[in-house]
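Commentary on secondary and tertiary structure
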Amino acid sequence: IGGTGAPIVGFGPIQRFGSVFVNGREYRVSGRTLVSIDGHPATVAALRIGDMAIVRGVATGPHRGVARSISTWQSIIGPVAHVAPNHRSLTVLGQTVRVPPGTRGLQQIRPGVIAGISGQRQANGTWIATSLTILPPSPRFRLETTVTSVARNRVMLGGLSLQAGASILAGIHQGERVVATGTIEHGRPTLAALTPKPISLGKPGTRVEMRNFFRSVGKGRLVAADGIEATGAAETESLSGLEPTEIDGRIAENGTIAISSLTIDVPEQPAATPNQGTERGGAEPHTRVERSGAIEPHESSAAQGEAGENTGEATPGHNVEPPEVNEPSEVNEPEIETPEIELPEQQTPEPDIDAPEVEPPSDR
């Protein structure tokens, strides 16, 4: 596929199309872009806003790139067991899932329907959905998450406890990211396979732009619930794993991400008015707090050193829009930081009008 530049990996929900936007970067796609959904070959037309995606390609500008491959997945597929009265959360396969208002398909969700959910897990075990799909009835289930605990003939995946034989549990350990598949009969899930599936981002030196729920574990290390680790955070920074965090960095030799810049979405407390309260679990405005690591400069200066970055093209940040109102929003929607654009001074041209010729009156 065409395009030259520095290798880059984007990790986060799809924000919009036109090309494919992830973390504010526009990735150009073509018929040669490899697309997969849940590990199966697919087309770009099958992708949806809110799908969690890993985009591999090259950066061709400060906010542009070319996608060589796009992989998306649904972390949870199974029957809905419970829906909160306010439709802000639901339970599927023992997992508590928060669903932002306005998410497409939300009003059709009810106990018993089969739901496919893309999203990310917070440090407290709660999932934040980025997209929700109502699927045809099926006895099969799928859960892509980390192992909470392993005991004799049993494995815990969040709030889901599954019986498993020794052959299925062989080599599986706590904290490992796996894909659990099986069937549900008479309301009880039966595990058929438990397959390790760590997230592989690329070779050392590859640039990574990621949105995830990171928590601090000391000495500048950050860990997400899906097992991804990053290093180089400020010692004074303490993340709880409950706020969406965006990091920009490069893959180190040990597979962790060496942070060059970090942005935190901090919930703002809205001012209450006499006629307006704050509903628990409702929409919460966020402000972006940027932190910079000491490993390398931010993209604005580092871009000059990347092959293909200095293209001279206009920064397209003003063309990046958040998803429409019927798509996921709130805390799980990646914030897009629009660059400042200096508008040219408006000048009013002076009209070039020739005065009409006036003949003097005659003596007649």
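So, a few notes on the structure that sits alongside this text. Just so it is clear, the model here is predicted, and its values are computed rather than measured.

On to the pattern of salt bridges, then. Applying the stated criterion to the full structure yields 11 salt bridges. When the shortest N-O distance is used, the salt bridge between Glu-209 and Arg-207 registers 3.5 Å. By relative accessible area, Glu-209 is classed as buried at 8%. Residue classification places Arg-207 among the buried positions, given a relative accessible area of 3%. Several salt bridges share partner residues, and in doing so they unite Asp-38, Arg-142, Glu-144, Arg-177 and Lys-197 into one network.

Our next topic: the environment of Ala-233. Position of Ala-233 relative to the elements: it lies in the loop between β22 (229-231) and β23 (245-251). A residue is classified by how much of its surface remains accessible, and Ala-233, at 11% relative accessible area, is buried. Along the sequence, Ala-233 and Gly-220 sit 13 residues apart, while their C-alpha atoms lie 4.5 Å from each other. Setting aside residues no more than four positions away along its own chain, Ala-233 makes contact with Gly-220, Leu-222 and Ile-259.

Turning next to the nonpolar core. In terms of nonpolar packing, the biggest core is built from 32 residues, with Leu-90, Leu-157, Leu-191 and Leu-194 touching the most fellow members. Apart from residues no more than four positions distant in its own chain, Leu-90 is found in contact with Val-80, His-82, Val-83, Gln-95, Thr-96, Val-97, Val-99, Ile-109, Ile-117 and Leu-132. Formed by 22 residues, the second largest nonpolar core is a distinct cluster that contains Ile-199, Phe-214, Ala-233 and Ile-264.

Once that is clear, we can look at empty space enclosed by the protein. Counted according to the given criterion, the structure contains six cavities of 30 Å³ or more. Of the volumes computed, that of the largest cavity is approximately 150 Å³. In terms of lining residues, the largest cavity is bounded by 16 residues, among which Gln-120, Arg-121, Trp-127, Arg-177 and Asp-226 are the most central. Secondary structure elements with two or more residues in the lining of the largest cavity: β11 (114-121) and β13 (140-146). In terms of residue class, the lining of the largest cavity is made up of six nonpolar, six polar and four charged.

Calculation criteria
Residues numbered from 1 in each chain as written. Predicted model: local features only at pLDDT ≥ 70, side-chain atom pairs only at ≥ 80, totals over all residues. Heavy atoms only, no water. Salt bridge = Lys/Arg side-chain N within 4 Å of Asp/Glu carboxyl O. Buried < 20%, exposed > 50% of the residue type's maximum accessible area, 1.4 Å probe, protein only. Helix = DSSP H or I, 4+ residues; strand = E, 2+ residues; numbered from the N terminus. Contact = heavy atoms within 4.5 Å. Core = buried A, V, L, I, M, F, W, Y, C linked by side-chain atoms within 4.5 Å. 1 Å grid on protein atoms, 1.4 Å probe; cavity = no way out; pocket = protein on both sides within 12 Å on 5 of 7 lines; lining within 4 Å. Points joined across faces, edges and corners; volume = space filled by probe spheres on them. Nonpolar A, V, L, I, M, F, W, Y, C, P; charged D, E, K, R; others polar.

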